[in-house]
Amino acid sequence: MAMIEIRDVSKWYGGFQVLTGCSSKVEKGEVVVVCGPSGSGKSTLIKCVNGLEPFQKGEILVNGTPVGDPGTNLPKLRSRVGMVFQHFELFPHMTVIGNLTVGQIKVLGRKKEEALEKGHALLERVGLTDFAQKHPGLLSGGQQQRVAIARALAMDPICMLFDEPTSALDPEMIGEVLAVMQDLAREGMTMIVVTHEMGFARNVANRVIFMDHGQIVEDATKEEFFGTPRSERAQLFLSKILSH
Amino acid sequence: MLLSQFDFSVFKPSLTFLWTGFLFSGNLTLIAMTGGIVFGTLLAMGRLSSLGPLAAIASAYVNLMRSIPLVMVILWFFLVIPLLTGKPIGAERSAIITFTAFEAAYYSEIMRAGIQSVSRGQAMAGYALGMTYWQNMGLVVLPQAFRNMLPILLTQTIILFQDTSLVYAIGAKDLLKAAEIAGKNYNRPMEMYIFVAVIYFVLCLALSTMVKRLQKKIAVVH
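Per-chain numbering applies: the sequence of each chain, read as written, is numbered from 1 onward. Here every chain gets a letter starting at A, and every ligand a number starting at 1, in the order they are written. Owing to the predicted nature of the model, reporting of local features is limited to residues with pLDDT of at least 70; listing and counting of side-chain atom pairs is limited to 80 or more, with chain, interface and lining totals taken over all residues. Heavy atoms throughout the structure, all of them, feed into the side-chain values; hydrogens and water do not.

Draft legend 1. Just unusual backbone geometry, in detail. Residues and elements named next belong to chain A. At glutamate 89, a residue that is not glycine, the phi angle is positive and equals roughly 55°. Secondary structure elements follow DSSP: runs of H or I of four or more residues count as helices, runs of E of two or more count as strands, with numbering from the N terminus. On the secondary structure map, glutamate 89 appears in the loop between β6 (81-84) and α3 (96-106). Notably, glutamate 164 is not glycine yet its phi reads approximately 45°, a positive angle. Relative to the assigned elements, glutamate 164 resides in the loop between β7 (159-163) and α6 (171-186).

Shown next as structure tokens:
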């Protein structure tokens, strides 16, 4: 069984169609990069996977659980799917360690000591041990995003969704975030990553999905995609992105 | 000339009596504030909810309360409830219920703006961690909304404190009513009214100065 299965998903905002018949599969341990021009529906698609955005047609299965089914316990499903946002979205009124423990304690019901231990271990892992008691507002963008990744990992997710995790960062901070993601991929985490970082895609991804106008135009292995993308649109996109 | 006719020696013997009136005004303010913020926050959540009927009911309540003069609500509630239940509920209790219900409408508008001041991404992050609606509200959205709105909530409370003097209309013994009674006892109403005016003025000025300082402090932290 695939970890994430997207079957013929369509979505409308009023009369405007944002996703048209999207289908794909992500196997356990696979890293899939989703790219495409802005407004192509990449972020919307990834938010459909954990039900943050509803969709009107089709089906998405996460580890066999149907996301769109009204009977599905969405909070429970989401607690097992890690998500990292473009603008970090750390909780500004909590300390860094508070951000890492609130979900563990309130959602997973872990004991405070256990949650703290896990939180500190993850902070060490993303290289931010000294920042536990600080508030997120005092951290740089790159540091905040690493905390956000640690917050998602604290829930012991079965897969991770990254929604343009480096787009809001200064160039010199992108590397530190990508390095954490790369480690995660190496350890076998199942990941869907919406990004324009083609270097990351080349190094880490198993597959690349190219979207345009709400459709999955290309869904190919990394080698195929960077070798000879079949669609003209993907070729054009790549030439624009890789030329500088 | 006018001042020379004033006799301010009547303050001292009436202090204990005025104190009981002041305690009622203070209690009424604190209870109506707490209840009004809790109820008002629920109303704000209702108004912002995606459930149509709930939003409509909350919105109707808020608009109704905000369109009627407070003194009318105080009188109406005091007079109508005994007709409905067959038992009078007393001016003090009636005042507490009325103020809580009325102020909730105003606090709800403040909390609505506060909830909307928290970005959608924050709520998304809470949901992505697996929080339920209530957890997300309680742990992520409302603490930030409350913090953002704290100076305005306190300013509303100062207005509420001044408005408590309206319970005078139903004879509840607040600071103003106590002053009126004391004034009649000693036949010195003017002095008494001046005295309570000074009390209201000093208290409200002190509180609004505090709010201004708080506002600056919050602005620095952000």
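On we go from here.
Draft legend 2. Focus on the packing of aromatic side chains. Any Phe, Tyr or Trp ring, taking Trp's six-membered ring, that has another such ring centre within 6.5 Å forms a pair; planes under 30 degrees apart are called stacked, those over 60 apart edge-to-face, and the others tilted. One pass over the full model with this rule turns up six aromatic pairs over all chains. Between phenylalanine 102 of chain B and tyrosine 106 of chain B the ring centres are 5.5 Å apart and the planes differ by 40°, which places this aromatic pair in the tilted class. In this pair, phenylalanine 102 of chain B and tyrosine 106 of chain B both sit in helix α5 (residues 91-117), four residues apart, roughly one turn of the helix. Phenylalanine 102 of chain B sits in the buried class, given a relative accessible area of 4%. Classification of residues uses two cut-offs on accessible area relative to the type maximum, computed with a 1.4 Å probe and protein chains only: under 20% is buried, over 50% is exposed, and between them is partly exposed. Judged by its relative accessible area of 26%, tyrosine 106 of chain B is partly exposed. Ring geometry for tyrosine 133 of chain B versus tryptophan 134 of chain B: centroids 5.5 Å apart, planes at 85°, classification edge-to-face. Above the face of the phenylalanine 226 of chain A ring, arginine 202 of chain A is positioned so that its terminal group lies 4.5 Å from the ring centre. Look at NZ for Lys and CZ for Arg. If either is within 6 Å of the ring centre and within 35 degrees of the ring normal, a charge sits over the ring. The positively charged end of arginine 66 of chain B is found above the aromatic ring belonging to tyrosine 106 of chain B, 5.7 Å away from the centroid.

Draft legend 3. Highlighting the pairing of strand β1 (residues 4-13) of chain A. Residues and elements named next belong to chain A. DSSP-based pairing: two strands are paired if at least 2 bridges between them are found. Summarising the sheet, β1 and strand β2 (residues 16-26) pair through seven bridges and their orientation is antiparallel. Considered in β2, the bridge of isoleucine 6 is made with serine 24. Relative to strand β4 (residues 57-62), β1 runs antiparallel, the two sharing five bridges. For isoleucine 6, the partnering residue across the bridge sits in β4 and is isoleucine 60.

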